[in-house]
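# Working through the structure, step by step
Single-letter residue listing:
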Amino acid sequence: MGGYLKGRQSMEKERLTGIGTILASLLAAACCIGPAAAIVFGASVGFLSGFMVLDPYRPYFLGAAALMLTYSFWRLYLVKRACDCESDARARRISLGIFWTGASLFLAAVFYQQVIGWVYG
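Reading guide: rules and limits
Residues numbered from 1 in each chain as written. Predicted model: local features only at pLDDT ≥ 70, side-chain atom pairs only at ≥ 80, totals over all residues. Heavy atoms only, no water. Core = buried A, V, L, I, M, F, W, Y, C linked by side-chain atoms within 4.5 Å. Buried < 20%, exposed > 50% of the residue type's maximum accessible area, 1.4 Å probe, protein only. Helix = DSSP H or I, 4+ residues; strand = E, 2+ residues; numbered from the N terminus. Contact = heavy atoms within 4.5 Å. Patch = residues over 30% accessible without salt bridge, like charges linked within 9 Å, V, L, I, M, F, W, Y side chains within 5 Å. Areas by Shrake-Rupley, 256 points an atom, 1.4 Å probe, with all protein chains shown as cover. Salt bridge = Lys/Arg side-chain N within 4 Å of Asp/Glu carboxyl O.

## Describing the nonpolar core
Note that soluble globular proteins tend to have their nonpolar side chains buried in a common cluster. Ranked by size, the top nonpolar core spans 13 residues in total, and within it Ala28, Leu62, Leu69, Phe106 and Ala109 carry the most contacts. Contributions of two or more residues to this core are made by helix H1 (2-40), helix H3 (58-78) and helix H4 (86-120). Non-local contacts of Leu62, meaning those with residues more than four positions away in its chain, are made with Ala28, Phe106, Ala109 and Val110.

## Brief notes about a nonpolar patch on the surface
Together, Phe73, Trp74, Tyr77, Leu78 and Trp100 give the surface a local cluster of nonpolar side chains, amounting to about 560 Å² of exposed area. When you line up the elements, Phe73 lands in helix H3. By relative accessible area, Phe73 is classed as partly exposed at 38%.

## Details of the side chain of Ser72
As for its position among the elements, Ser72 is in helix H3. If near-sequence neighbours (up to four positions away) are discounted, Ser72 is found in contact with Glu14, Thr17, Gly18 and Phe99.

So this is what it looks like as structure tokens:
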């Protein structure tokens, strides 16, 4: 029973770091992806300047997301699991989904400025 609880706590940590990665990536990209999305949906230009408040914090958000991704990768792929039971397998699949969603959003947050430059350049 102790292994089950330890495995359950481990999965909770992995989910939290995955969700933290997703949030940090979205915040890092909010300064420029937000205005681009708002233009697509027809927002006015005066409204878009509010998103630039987050731009000075972008490196910090990206750093936090990178640290959380690294920790999640370590927990998911490098640390031996405490339990190989059915509920652990289901929780692991959920954690992997959250991790890869966060990783893809992180890559989008890192490279969106270059992509926007190529598209509109």
